[in-house]
Amino acid sequence: MQKVMEIDDERRLQNLYDRRMAQEVDGTILGDEFEGYLLRISGGNDKQGFPMRQGVLTNTRVRILCKQGHKGYRQRRTGERKR
């Protein structure tokens, strides 16, 4: 089951900053109310709103060549690809 959580306490969130997508984390790093939970990082976005992508193994933005069928891409002409 997937659930979206928003946490405003910056000290709690610092424990998640250097983690990768699909990595499982013990819930106690976010507080005692999550004790016993196992959390998986499944997505997010940066301050400008750019989404995280599975398989990109860098902490900086990269330009991905997208084609038909990729998430976040809508083809406008036949055979079109876009960065």
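Residues numbered from 1 in each chain as written. Predicted model: local features only at pLDDT ≥ 70, side-chain atom pairs only at ≥ 80, totals over all residues. Heavy atoms only, no water.

## Overview of unusual backbone geometry
Among all residues save glycine, negative phi is the norm, and among peptide bonds the norm is trans.
Working step 1: Backbone geometry at Ala-22 places phi at a positive 70°, although glycine is not the residue there.
Working step 2: With respect to the helices and strands, Ala-22 occurs in the loop between helix H1 (10-13) and strand S1 (24-26). (Helix = DSSP H or I, 4+ residues; strand = E, 2+ residues; numbered from the N terminus.)

## As for the pattern of salt bridges
Working step 1: Counted by the stated rule, this structure contains four salt bridges.
Working step 2: With a shortest N-O distance of 3.8 Å, Arg-12 and Asp-9 are connected by a salt bridge.
Working step 3: Taking relative accessible area as the criterion, Arg-12 reaches 28% and is therefore assigned partly exposed.
Working step 4: The class for Asp-9 is partly exposed, based on a relative accessible area of 29%.
Working step 5: Ionic pairing is found between Arg-12 and Glu-33, a salt bridge with its closest N-O pair at 2.8 Å. One end of the pair, Arg-12, is in helix H1; the other, Glu-33, is in the loop between S1 and strand S2 (38-40), with 21 residues separating them in the sequence.
Working step 6: Connected via shared salt-bridge partners are Asp-9, Arg-11, Arg-12 and Glu-33. (Salt bridge = Lys/Arg side-chain N within 4 Å of Asp/Glu carboxyl O. Buried < 20%, exposed > 50% of the residue type's maximum accessible area, 1.4 Å probe, protein only.)

Honestly, that's just the spatial picture; any functional story needs more than this.
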